[in-house]
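Read off the chains here:
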Amino acid sequence: MVVFEDLHWIDDETQALLNLLADSIGTAKLLLLVNYRPEYSHGWGSKTYYTQLRIDPLGTESAEEMLQSLLGDGAGLGPLKRFIIERTEGNPFFMEQTVEMLLDDGALVRHGSIKLVKPLAELKIPPTVQAILASRIDRLPPAEKDLLQTLAVIGRTFGVTLVREVSGRSDEDLTRLLSNLQLAEFIYEQPAVSDIEYTFKHALTQEVAYKAILVARRKTLHERAARSIEIVFADRLDDKLSLLANHYSQSGNAAKAVLYLDLASQTRHARISLQ
């Protein structure tokens, strides 16, 4: 089974590879699984071995069940639930982030059970989940916002050792900030073999945090991330060559980007020769 996620962000070279795979796997013992947003299109729909599974927004009953799990069944929450379902059109992540935003704003308070303490007419919900995420990120304390943006540059998944090197923060400070970001459900801790590892809860969270970084600072963070990878993974850089090339490319360090692209190419060629 080969899995490609988020094809709406695909580059031309990967698209060419997928087209080749789609044309050649009709009789192969291989399952190619992809996901993408509605704006992405491809030419595989007419193939007899292609099946599309559309993931639609939640129906009213399912949306109400989800809000029941998020908000409980406190008195007076019925109108709020209907309001959220109407505004989010049943998009689960949008619904979840709307609840988180209302908690951040103080419109919802949690004292054993959750209660709405502002009139429904005063609630201002942004029109898209990206706008909600941007609003929630902007309201973070400066240190937490700075760290979240740093994490967005490092990647979707990141180990604490690398984050410590890139951010330059103490263990105590870093543990506290990561815990706060996890409590706010921007990131999750996940099992790892050695290092403590985290991942963004959703690709959109990383995307929105990344796009909010000024270009000059983004380049600086990519450069810092690349240098930190060279330090942390000094004894196993062969597995990080493409990642290093990408970071240095994004930082504007063309010489280092070309160096690691060349090393990555040589490494791939050597592995193919051994097969």
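Residues numbered from 1 in each chain as written. Predicted model: local features only at pLDDT ≥ 70, side-chain atom pairs only at ≥ 80, totals over all residues. Heavy atoms only, no water.

Asks: Break down the pairing of strand E6 (residues 187-190) for me, with residues and values.
Replies: Here E6 runs beside strand E7 (residues 197-200); their pairing, made up of four bridges, is antiparallel. Note that in E7 the partner of glutamine 190 across the bridge is glutamate 197. (Pairing = 2+ DSSP bridges. Helix = DSSP H or I, 4+ residues; strand = E, 2+ residues; numbered from the N terminus.)

Asks: I'd love a proper account of the side chain of arginine 136, names of residues and values included.
Replies: Its place among the elements puts arginine 136 in helix H5 (residues 129-138). A distance of 2.7 Å separates polar atoms of two side chains, one belonging to arginine 136 and the other to aspartate 104. Setting aside residues no more than four positions away along its own chain, arginine 136 makes contact with Gln97, Glu100, Met101, Asp104, Ala184 and Phe186. (Polar contact = N/O pair within 3.5 Å; in protein donor to acceptor, adjacent residues only side chain to side chain. Contact = heavy atoms within 4.5 Å.)

Asks: Please give an account of the nonpolar core that cites residues and values.
Replies: Core analysis: the largest hydrophobic core is formed by 63 residues, its most contacted members being Leu71, Leu80, Leu148, Leu151 and Ile187. Ignoring sequence-local partners within four residues, the contact set of leucine 80 consists of Leu71, Leu102, Leu108, Leu116, Leu120 and Leu123. If you look at the next biggest cluster of nonpolar residues, it comprises eight residues, including Phe4, Ala22, Ile25 and Trp44. (Core = buried A, V, L, I, M, F, W, Y, C linked by side-chain atoms within 4.5 Å. Buried < 20%, exposed > 50% of the residue type's maximum accessible area, 1.4 Å probe, protein only.)

Asks: Break down the pairing of strand E3 (residues 108-111) for me, with residues and values.
Replies: Bridge analysis of E3 against strand E4 (residues 113-116) gives four bridges, and the strand direction is antiparallel. In the sheet register, leucine 108 faces E4, and the bridge partner there is leucine 116. The antiparallel pairing of E3 with E4 creates a hairpin that spans one residue between the two strands, and glycine 112 there sits at a positive phi of about 80°.

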